[in-house]
Structure formats: C-alpha cells, structure tokens
Amino acid sequence: MQMTRKIRYLVAAVLVGAAPVAAQEVAPQPLTLATVKTSPLLASADMRDGVDLSGPWHYSIDPFRSGLAGFHGEVPGLSQQRYLDLDVGKAMRDDNRALFEFDLPHSPVTTLPSSWLTEAPELRHYQGLMWYQRSFPAPAQRKGRSFLRFGAANYATVVYLNGKPLGRHEGGFTPFAFDVTGLLRDGDNQITVGVDSQATAATVPPPVTDWENYGGITRAVRLISTPDTYVDDAWVRMTRDGKLAVEAHLRGPQAGDQPLHLRIAKLGLDLAGRTDAKGNWRATVAAPRALIRWSPERPQLYDVTIAAGADTWRDRIGFRTIEVRGTDILLNGKPIFLRGISLHEEEIGTEPTRAITQAAARALLGEIKDGLHGNYVRLSHYPHSEVMTRMADEMGLIVWSEVPVYWLVAWSNPDTLATARNMVAENILRDRNRASIAIWSVANETPVTDARNTFLRTLVSDVRALDDTRLVSAALLVERSQGPTGPVMTMADPLADVLDVLAINTYNGWYTPDRLADVPGISWRVPAGKPLVFSEFGADARAGFHDIGAAPQKFSEEFQADFYRATLAMADRVPTLRGMSPWILKDFRSPRRQNPDFQQGWNRKGLISETGERKQAFGVLATYYDAKATPPAK
Ligand code: GCB
C-alpha cells in the first residue's frame, strides 16, 4: 500500500531534524484537556485486556534516515521504504528488476522492551534512527475497538501497520496510542516502528545531559481491545477537603448521555451518574467512613471500577491529601519530612537497558524503603515507567515526578515549548490516579533568563490546570557568595514565586573547593514562607575503593561517607528544610564520566554500585533517616 506523498514528506521532515530555532517571544495559550494532543488517551491502559507484543522483534539501523527521505530530501524510493507491506525477498526472486536495500524479516532479532544500546557492541553508542518490525496475529472475532499502545519509545517515533502510517510521537518517556480498529486484518499483521533517539537543540531533553540516552522501544507495546464506546480517561481522587471526586470521559458512538457507575466494592461505594452530551462526567461524594488513607506506613489501595455501557474501566487507587501550609508539607493533614533519594530509570545489573520489570522496580524501591528507611523517591529526570509508579503506590513511597526540561532547553523555540507541554500533559494524564505522586516537577537546574521564566511559568500553569490536588516544584540553581563566616547560598530565582515546594541541588565540597569540614557552616538564604527540599546532593565513590587516611581522596567510599555527614549537618541548620533526595540511589551510566580508574562511563554518585553493592555512605543516610523516622523518646 502506498501512503500519500504528503504524509510521507511530513513524516520525514518531522523525524529528520528540528526546525531552526526562531528567536521569537512565546505567547502560550492556557492548556486545557482539549488542547492535549494525546488522543486516544486510554488512561490506566496497563489494567486493560490486551495482547503484549513484547518479545522478539527484528531491527535494522538506518543512520542516514533513508527510510524517511531520499538523499535529495525527496520521498524515499521503494528500495528504502522499511514499512512496505511486502515480502521483499520474494519480490526480488520473482522479478530481477526489483531492488530493496533492507529486509526486516531477515534482519537480526532483539527482545523488546529494551534499548538497542545493549543489543550489540557496535550499537553501544548508536544514536539515530532504528527500524523495528514484527508480525502478530489479530485476535479472532474482534469486537469493538483495537488500539496499539506504546508505553514509551525514545525519542521520536513513527508507526506503520500493514504498510499504512498510524502517526508519530515525540518524547521518550510517555505513552501514546493509535486506534487501529479499521486497519487490523485477519491472520498476520505487520507492525513497523521507526525510533529516532537523536537529540537536537529543539528536543526535550536537549543533547547534553548526564545520563545515557537509551534509544529504542523501552516499554511494552500492547494491542488493547475495548468496546466501541469506552472510558478513555478517568480520574478518581481525594480532594483537598477530603471528599472523593471522579471525572470520566467516554469516547465512542454512545459516549453522550450514558449512565455510568463508580464503584469501590471494598468501601461499599456505588455512585451513579450520567455523561453530558460530550461524554463527560464529574461528581463528588463524601469519603466513606471506612476509607483508610494511603500513606507510606500503610499504602492502602482500593480496586476502583467505572462501568459505562459495555465497558468497565479499572484501576487500583489510594486516597490521601497532600498540601503545603506555611513551610510544612502535610500528608493527610500532618507535617511530613521527605526521607528520599533520587533514581534514574535503570535496573540493577552490569548492563542495564532501561527495561523496568516489576522485579526490577521492587528491587530498587526496596533499597529505599527497607534499606534506607525512606518514604520518598525522586524519579529523575523524566517520567519513569508506569511499572515504577504503580510499585511506589503499592510499596508506600511518596513520588516526585519530573519532565526532562534539563539544563539548556531551547526556551525561545515554540516547538520545544509545545513538546514540553505535551510531555507534562501526557505524564499527568497517565499518572494522576497514583496516590504516591505528590510533586510534579517542571525542570532541573535551568539558568534564569526571561525566556526560561516564561517557558517554565507556562508549564507550571499547565500542571495546575490538569491537577489541582498536588504540589508543583522544580530543582533550582542558587547563587554563591562569600559571607563573613563562610559561603552563603542564595536562591534568587523568580520562579520560586509560583512553586509550592522550593528545591535545590547542592554539591558543596564535591564540585566546589570547600573542605568537607567547612560544609556544615555554609549558610542558606531562601524565601522564608515555603518548604524547601534538597533535591540533590552527592559525591562519587567507586564501590570497594577505600582511603583510610585522615583526608580521604575523592572517589573513595570514605570521602563519600564524609560528604554525606557534612551535608546532612549543613541540612540540619536550614530551618525550612522539609525533605531531601540525595543524588543518587544507584551508579548509573553516563557517557560524560570517563575517569578510567573510577568511573568507566558511570556516574558513581550511587549509594549502591550498579550491581547493588552498598557503599559506606548508604549506612550514613540510613542511620540519619532511621532517626528522623523514629520520633524522639519523651
Ligand atoms: C546535577 C544534575 C544531575 C547530575 C548530577 C551530577 O546537578 O541534576 O543530573 O547527574 O548533578 O552527578 O553532577
């Protein structure tokens, strides 16, 4: 099947490169659900019936993106169209004029989800376009609708089914879905996916980061079936004043004026309602007396359903309130100190490939909950797998969730802003039923400029438009000056005005020439009326490298442990500090870290090594958190 010239050109243009950055003012419109591009949304899709297309897929590199554009920029010739619904080997045997410079069904096989970086040594540093293909049988006697839903593919993705384009998606960490009801055929179906991992000045994140850019289909692809009319979005939560609220949106021919029921069987709740003409339903009800609020100590979840016509939407949801009062963060009305740590999306092991299974998530979060006596995790620097946020719900860890607006983003580029806004929306719409998530973060360490302030303020108001039940933050930079008794760190970021929780990354004594003995005396000037968290602090150490001298050298476990002691002593002197997420739980891959003795391509600020070995500083933090968790004896 041929797709039209126009579509092919568009697909190519979009994937091949970013538009030049225009130095123009951004005049953003407020975000509403109607402006979110994500459609269909399929909220809580991981709880729906479906066929998991994880497993063997063929793959083939396309470094010059020949499958998207010819070498003069034109529509690629047939010989390069990876998505053709054709047995190219047979076509060449049958007609000796035929020429194809690919043959996906005869290309090597990888197991998805995973990044291609770990598939073969020659792919370790490949950043660019990769084609994936597999075939799958469509379920017999299909009724209703079918969707292809991607948990995530990093970074820009084009998808074809049986040779026809389904669409594209930009962003490496959020889900997207296509309605394929009319395109599936009986018997074998062929799906072809082009994933381009190349970051550009216009992407989010931009090319320079401090983590591995794991290209590929890194989360599950599923074929999901629903009835013709189905619950596309639903949000069931506790409001700030302790009621239960539901919002649901139906799609399909029977969406309007449709009776529906919200049920929480364990609480004996059965709330009936009816959608409006557009398929929307909103209702609020007093919380049942038997409801146990979710907390890290007791992470109670309830099976929740919304029955609407032939469809039943399901989720497992916890209910709690989170708010700020003065300088306190209140969980269920009580002040809480966030005993956390930061985490990248990398499983424990020598060769992580960003495939977060339940076991991988449990192992990582278990180190935080049980090992460190923590109650909080910063999922940095991008939305992590839904497997992880569900595990946080289940295990009882409060979550900071973030979008990859990191370091130097193209603040003045309207396309970049649109991409970031879409990511914020996709992240929130995926996860706003997760009780664990308390804080949405819009950025990390972004230098203050007018263009950046405008960009981030837009994201903050988007978050508030989509979710008025959680807190908004961003990890900010501070200014350093010399005071009479030592260094003074001052937060002078105008973004602080619009955030609920202030957050700072601090590396005094690691990236600065301070002696560790002087770190506890560092003073902090931060806006007085809001809670502050240290979103990062840390020092590298190679597990097993010791220096037992009086002044241990950097990269030794002893230095890292001393760094933690000094920084925790400093933290104790900051009156508005309400939590911390030191950098970081586990050593993680970072190509910028090339000290051959200590780093070997890994950022070594983990409290555990890549294989899970605990370093000395782990014990320092665990002892500190244990003391914070246990109220002092009266
Ligand atoms: C930071 C960044 C984090 C880095 C870390 C480091 O401030 O937010 O992404 O990995 O420092 O190790 O330098």
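Residues numbered from 1 in each chain as written. Predicted model: local features only at pLDDT ≥ 70, side-chain atom pairs only at ≥ 80, totals over all residues. Heavy atoms only, no water.

As annotated in an unreviewed UniProt entry, the chain carries the name Beta-glucuronidase and is attributed to Sphingomonas glacialis. Per its UniProt entry, the chain bears the Sequence similarities (unreviewed entry) comment "Belongs to the glycosyl hydrolase 2 family." (UniProt positions renumbered as here; feature names shortened; annotations may be inferred.)

A word on the pattern of salt bridges. Counted according to the given criterion, the structure contains 45 salt bridges. Between Asp328 and Arg578 there is a salt bridge, and its shortest N-O distance comes to 2.8 Å. Of this pair, Asp328 sits in strand β19 (residues 328-331) while Arg578 sits in strand β31 (residues 577-580), and the two are 250 residues apart along the sequence. Between Asp587 and Lys615 there is a salt bridge, with its nearest N and O atoms 2.7 Å apart. Remark: Lys615 occurs in the loop between β33 (602-603) and α8 (616-629) and Asp587 occurs in the loop between β31 and β32 (588-589); sequence separation between them is 28 residues. With respect to class, Asp587 is no different from Lys615; both count as buried. It is possible to trace a salt-bridge network through shared partners that takes in Asp46, Asp315, Arg390, Asp393 and Arg434. (Salt bridge = Lys/Arg side-chain N within 4 Å of Asp/Glu carboxyl O. Helix = DSSP H or I, 4+ residues; strand = E, 2+ residues; numbered from the N terminus. Buried < 20%, exposed > 50% of the residue type's maximum accessible area, 1.4 Å probe, protein only.)

Another aspect to go through is the pairing of β19. In this sheet, β19 lies alongside strand β18 (residues 322-325) in antiparallel orientation, the contact comprising 4 bridges. Bridge pairing links Arg325 to Asp328 in β19. Connecting β18 to the antiparallel partner β19 that follows it, the hairpin turn spans 2 residues, and Gly326 within it adopts a positive phi of roughly 60 degrees. Pairing of β19 with strand β20 (residues 334-335) involves 2 bridges; the strand directions are antiparallel. Of the residues in β20, the one forming a bridge with Leu331 is Lys334. The antiparallel hairpin formed by β19 and β20 contains 2 residues in its connecting segment, where Asn332 sits at a positive phi of about 50 degrees. (Pairing = 2+ DSSP bridges.)

Let us look at the site of the ligand. In the vicinity of the ligand, 14 residues are found, and the nearest of them are Asp210, His381, Tyr406, Glu445 and Tyr511. Separating an oxygen atom of the ligand from a side-chain N or O atom of Glu445 is a distance of 2.3 Å. Within the side chain of Lys605, a nitrogen or oxygen atom sits 2.7 Å from an oxygen atom of the ligand. The protein chains hide 96% of the 320 Å² of surface that the ligand would expose on its own. Looking at the shell around the ligand residue by residue, the classes come out as 5 nonpolar, 4 polar and 5 charged. (Near = heavy atom within 4 Å. Polar contact = N/O pair within 3.5 Å; in protein donor to acceptor, adjacent residues only side chain to side chain. Areas by Shrake-Rupley, 256 points an atom, 1.4 Å probe, with all protein chains shown as cover. Nonpolar A, V, L, I, M, F, W, Y, C, P; charged D, E, K, R; others polar.)

For the rest of this paragraph, the subject is the sheet that holds strand β29 (residues 523-525). Strand order in the open sheet formed by 3 strands is β26-β27-β29, and the pairing between neighbours is mixed. On the outer flanks of this sheet lie β26 (479-483) and β29, each paired with one strand and no other. Adjacent strand axes in the sheet meet at a mean angle of 30 degrees when their direction is disregarded. Across 3 bridges, strand β27 (residues 486-490) lies against β29 in parallel orientation. Bridge pairing links Val488 to Ser523 in β29. (Axes fitted to C-alpha atoms, helices over the stretch in contact; angles between N-to-C directions.)

This part covers the sheet that holds strand β11 (residues 230-238). Pairing within the open sheet is antiparallel, and its 3 strands lie in the order β11-β12-β15. Of all the strands in the sheet, just β11 and β15 (280-286) have a single pairing partner and so form its edges. Neighbour to neighbour, the strand axes of the sheet diverge by 15 degrees on average, direction disregarded. The pairing of strand β12 (residues 243-251) with β15 spans 7 bridges and is antiparallel. Residue pairing in the sheet places Ala245 in a bridge with Thr284 of β15.

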